[in-house]
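Examining the three-dimensional arrangement
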2 protein chains.
Amino acid sequence: MATLIAPTSFSPGADAEALRKAFQGWGTDEKTVIAILGHRNVYQRQQIRKSYEEIYQEDLIKRLESELSGDFERAVYRWMLEHADRDAVLANVAIKSGSKGYHVIVEIACVLSPEEVLAVRRAYHNRYKRSLEEDIATNTTGHLRQLLVGLVTSFRYGGDEINAKLAKSEADILHESVKEKKGNHEEAIRILTTRSKTQLMATFNCYRDDHGTSITKKLLDNASDDFHKALHTAIRCLNDHNKYYEKVLRNAIKRVGTDEDAITRVVVSRAEKDMKHIKEVYYKRNSVHLEDALAKEISGDYKKFILTLLGKKD
Amino acid sequence: MATLIAPTSFSPGADAEALRKAFQGWGTDEKTVIAILGHRNVYQRQQIRKSYEEIYQEDLIKRLESELSGDFERAVYRWMLEHADRDAVLANVAIKSGSKGYHVIVEIACVLSPEEVLAVRRAYHNRYKRSLEEDIATNTTGHLRQLLVGLVTSFRYGGDEINAKLAKSEADILHESVKEKKGNHEEAIRILTTRSKTQLMATFNCYRDDHGTSITKKLLDNASDDFHKALHTAIRCLNDHNKYYEKVLRNAIKRVGTDEDAITRVVVSRAEKDMKHIKEVYYKRNSVHLEDALAKEISGDYKKFILTLLGKKD
């Protein structure tokens, strides 16, 4: 469930006017920006943007970029984009940042539904005049390329059918591939990039039953190169993305010099989807509420904005 | 332009009744079946099927299958399916027939628009409860798998922008890959499976300018294994699919023991699209009309049906 608190009725025109007022005069009234945009869902934000454009002949997102700064600006900018468009931007930034960005591409490809991934690919066309897979393929090689391109281009079957025999035999193939670095990666890539999520879940369960440990634990021992790291991320995102996001947040908070980019990415992407569940997983794992842990590490308007998206009452 | 001649107005109910009548009694009245279904476009055929089902509580396609036989039955069956669904069936049959079917998969992936390929992938989900790429990947390996899966999963950018510098450098990469069997196939696969059709056209033109021969001619010298054959088909379909289809028909007609399956596939797939153009290309290349060439090689109701789809007046 979502953590975002948005009103059922609102006036895009009134919001646009209030934002305009917040921009005027000396300095920006960030409090108002947070009070409005931190409490509007994706459809409402698009309507506000449209209203603002109609009334003031100015793009609200561009104006926000010039009014705000730092982590707060980046968070509001990403929050303002429609979901698929935001993920297209995230993917593009990730591609450009090379090795450090592969996990973001894997996240988008493995967490979203097949139809949502498709929407991101369409948004990528519109924004960059190239295909997502084109840019990934140009910037990677070998097994890493095969895996990343395979994940973003896959259109998995969404049904609930499970082939138990297949799950067993493919768990063995994955085991062979994972246990040594020179394993049969082509087959592991085939399985992870084409099977339905339900089938993969059954395969991961078989792996645990037959080999006494989870495939992610086993992979972690070998996850030293980019390919194995991406493989590890893919399996975790496909298997249980809430647990995966909990760990992204945990690492971002723990790190010396907090990783605001990761915090923004997870909160902005999931606040309207399943952030409540991620918060529960976080509390269960850390015995401290996510908001409290974050409050100690981030600050200023950025902190206020992120906590608002996490459902903090004003 | 299409060769199919269909009325602008028609009554699905009356057609359903006339077909029912044609099925009754001793033997089937094939003439009526051809006169009706050979003159209805895809929307009209779907309406007739719906009407028939409503009136007689029976699936028209199933009934047609039991009434007709041989090449005629197969042609009518494929003709009755909605486009994406038909291509899903063709792809599935192709996958099951292995080496002999790869060109059909390549055709579907490279001739159709990115949105049309997507529709086929959706239809494949519905029909087979698996993804198209899943079935291809399970039945192939190595470079052939990479190429086929890459082609069907690609969602190419559809714009007209051309990067001339890129076309030149990638023409060189293709040249390196094509000139010897042990070339850099990974890069050739990357280019052919991700670049937009317009960009690829520019790349193929660069190839011809810089290397004095077309890439398909060069490839043909090496096209002995399945991978190189598929590569050759892909480039021909991407470059000029009407020329490609002309050759499929020419070979099907020339072959000792005519290749009815190929004739059916091309005519049924293109009669509502660009069959007129394919006929022109055929005449230009062979100095004989496609209908006349076909009339000598095929026979019976199948012949009548195919010629009807090719625009022959009754």
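Residues numbered from 1 in each chain as written. Chains lettered and ligands numbered in written order. Predicted model: local features only at pLDDT ≥ 70, side-chain atom pairs only at ≥ 80, totals over all residues. Heavy atoms only, no water.

**Remarks on the overall build of chain A**
Counting its secondary structure elements, chain A contains 20 helices and 0 strands. Against the compact-globule benchmark of 20 Å for 314 residues, chain A has a radius of gyration of 21 Å, which places it among compact chains. When the backbone C-alpha atoms are referred to their principal axes, chain A occupies close to 65 × 45 × 35 Å. Here chain A, with 314 residues, has 57% of them falling under the buried criterion. Considering only contacts in chain A between residues 6 or more positions apart, those separated by 24 or more positions represent 71%. For chain A, the exposed area adds up to about 13800 Å²; of that, 49% sits on carbon and sulfur atoms. Averaging the coordinates of the 51 positive side-chain charges in chain A and doing the same for the 47 negative ones gives two points 3 Å apart. (Helix = DSSP H or I, 4+ residues; strand = E, 2+ residues; numbered from the N terminus. Rg over C-alpha atoms; globule rule 2.2 N^0.38 Å. Buried < 20%, exposed > 50% of the residue type's maximum accessible area, 1.4 Å probe, protein only. Contact = heavy atoms within 4.5 Å. Areas by Shrake-Rupley, 256 points an atom, 1.4 Å probe, with all protein chains shown as cover. Lys, Arg positive; Asp, Glu negative; His and termini not counted. Charge placed at Lys NZ, Arg CZ, Asp CG, Glu CD.)

**Structural notes on the packing of helix 7 (residues 102-111) of chain A against helix 15 (residues 226-239) of chain A**
Residues and elements named next belong to chain A. Their axes nearest at 9 Å, the elements helix 7 and helix 15 cross at an angle of 30°. If you check the angle between helix 7 and helix 15, you find them roughly parallel. The handedness of the crossing between helix 7 and helix 15 comes out as right-handed. Seen from helix 7, the contacting residues are Tyr-102, His-103, Val-106, Glu-107, Cys-110 and Val-111; seen from helix 15, they are Asp-226, Ala-230, Thr-233, Ala-234, Cys-237 and Leu-238. Broken down by class, the residue content of the contact of helix 7 with helix 15 amounts to 8 nonpolar, 2 polar and 2 charged. (Axes fitted to C-alpha atoms, helices over the stretch in contact; angles between N-to-C directions. Parallel < 35°, antiparallel > 145°, perpendicular 65-115°, else oblique. Left-handed = near helix turned anticlockwise from the far one by under 90°. Nonpolar A, V, L, I, M, F, W, Y, C, P; charged D, E, K, R; others polar.)

**Quick look at unusual backbone geometry**
All names here are of chain A. At Gln-57, a position not held by glycine, the phi torsion is positive, near 45°. Structurally, Gln-57 is set in the loop between helix 3 (42-56) and helix 4 (60-67). Residue Gln-57 is classed as exposed on the basis of its relative accessible area, which comes to 63%.

**What to know about the UniProt feature "binding site: Ca(2+) 2" (unreviewed entry) in chain A**
Residue and element names in this part refer to chain A. Those places that UniProt annotates as "binding site: Ca(2+) 2" (unreviewed entry) correspond, in this numbering, to Ile-253, Arg-255, Gly-257 and Glu-297. Of the residues just listed, which span 45 residues, no C-alpha pair is farther apart than 9.8 Å, and they cluster in one region. Of note, Arg-255 is situated in the loop between helix 16 (241-254) and helix 17 (260-270). Counting through the fold element by element, Glu-297 comes out in helix 19 (residues 290-297). (UniProt positions renumbered as here; feature names shortened; annotations may be inferred.)

**What to know about helix 13 (residues 197-211) of chain A**
Residues and elements named next belong to chain A. Its 15 residues give helix 13 an end-to-end C-alpha distance of 21 Å, which sits within 8% of 21 Å, the value for a rise of 1.5 Å per residue. Three or more residues of helix 13 are buried, namely Gln-199, Leu-200, Ala-202, Thr-203, Phe-204, Cys-206 and Tyr-207. After helix 13 finishes, the residue Gly-212 shows a positive phi value of roughly 70°. (Expected span 1.5 Å × (residues − 1).)

**Section: the interface of chain B and chain A**
The interface of chain B with chain A comprises 27 residues on the first partner and 27 residues on the second. Roughly 2500 Å² of surface becomes buried between chain B and chain A when both sides are summed, with 51% attributable to carbon and sulfur atoms. Inspection of the region where chain B meets chain A yields 6 salt bridges. The partner of A:Glu187 in a salt bridge is B:Arg145, and the shortest N-O contact between them spans 2.4 Å. Viewed at the interface, chain A and chain B are joined by 15 residue pairs in polar contact (both at pLDDT 80 or more). (Buried area = accessible area lost by both parts, 1.4 Å probe. Salt bridge = Lys/Arg side-chain N within 4 Å of Asp/Glu carboxyl O. Polar contact = N/O pair within 3.5 Å; in protein donor to acceptor, adjacent residues only side chain to side chain.)

**What to know about the confidence of the model for chain A**
In the predicted model, chain A carries a mean pLDDT of 95, and the fraction of residues at 70 or more is 98%. Here the predicted complex scores 0.92 on pTM and 0.89 on ipTM. (pLDDT = per-residue confidence, 0-100.)

**Notes on the relation of the copies chain B and chain A**
Superposing chain B onto chain A takes a rotation of 180° combined with a translation of 0.0 Å along the rotation axis, leaving an RMSD of 0.1 Å. In symmetry terms, the pair is related by a two-fold rotation axis. Scanning chain B for the C-alpha nearest the rotation axis identifies B:Thr153, at a separation of 2.7 Å. (Least-squares fit on C-alpha atoms with pLDDT ≥ 70 in both.)

**Brief notes about the side chain of B:Glu260**
All names here are of chain B. Of note, Glu-260 is situated in helix 17 (residues 260-270). Buried within the structure, Glu-260 lacks any salt-bridge partner; Arg-255 is the closest side chain of opposite charge, at an N-O distance of 6.1 Å. Discounting residues that sit within four places of it in the chain, Glu-260 has contacts with Asp-71, Glu-297, Ile-298 and Tyr-302.

**A word on the UniProt feature "binding site: Ca(2+) 1" (unreviewed entry) in chain A**
Residues and elements named next belong to chain A. Taking the numbering used here, the UniProt-annotated feature "binding site: Ca(2+) 1" (unreviewed entry) corresponds to Phe-23, Gly-25, Gly-27 and Glu-67. Inspection of the secondary structure puts Gly-25 in the loop between helix 1 (12-23) and helix 2 (30-37). Examined against the element boundaries, Glu-67 turns out to sit in helix 4. When near neighbours in sequence (up to four residues on either side) are disregarded, Glu-67 contacts Phe-23 and Thr-28. There is a polar contact of 2.5 Å between the side chain of Glu-67 and the side chain of Thr-28.

**So, helix 7 of chain A**
Spacing of three or four residues puts side chains on the same side of an α-helix, whose turn is 3.6 residues. Counting buried positions along helix 7 of chain A gives 9 out of 10 residues, so the element sits mostly inside the fold. Of the positions making up helix 7 of chain A, those classed as buried are A:Tyr102, A:Val104, A:Ile105, A:Val106, A:Glu107, A:Ile108, A:Ala109, A:Cys110 and A:Val111.

**Notes on the environment of B:His143**
Its place among the elements puts B:His143 in helix 10 (residues 142-153). Along the sequence, B:His143 and B:Ile189 sit 46 residues apart, while their C-alpha atoms lie 8.1 Å from each other.

**A word on a positive patch on the surface**
Where like charges cluster on the molecular surface, the positive patch consists of A:Arg208, A:Lys217, A:Lys243 and A:Lys284. Along the polypeptide, A:Lys217 turns up in helix 14 (residues 215-222). (Patch = residues over 30% accessible without salt bridge, like charges linked within 9 Å, V, L, I, M, F, W, Y side chains within 5 Å.)

**Thoughts on the domain arrangement of chain A**
Note: interface size is frequently given as the accessible area lost on complex formation between the parts. All names here are of chain A. You can read the domains of chain A as domain 1 (12-68), domain 2 (83-153), domain 3 (164-239) and domain 4 (242-309). Tallying the contact residues gives 10 residues for domain 2 and 9 residues for domain 4. For the pairing of domain 2 and domain 4, the buried interface totals around 790 Å² over both sides, and the portion due to carbon and sulfur atoms is 49%. When the buried surface of domain 2 facing domain 4 is broken down by residue, His-83, Arg-86 and Glu-107 rank first, second and third, together holding 54% of it. (Domains from an automatic or database assignment.)

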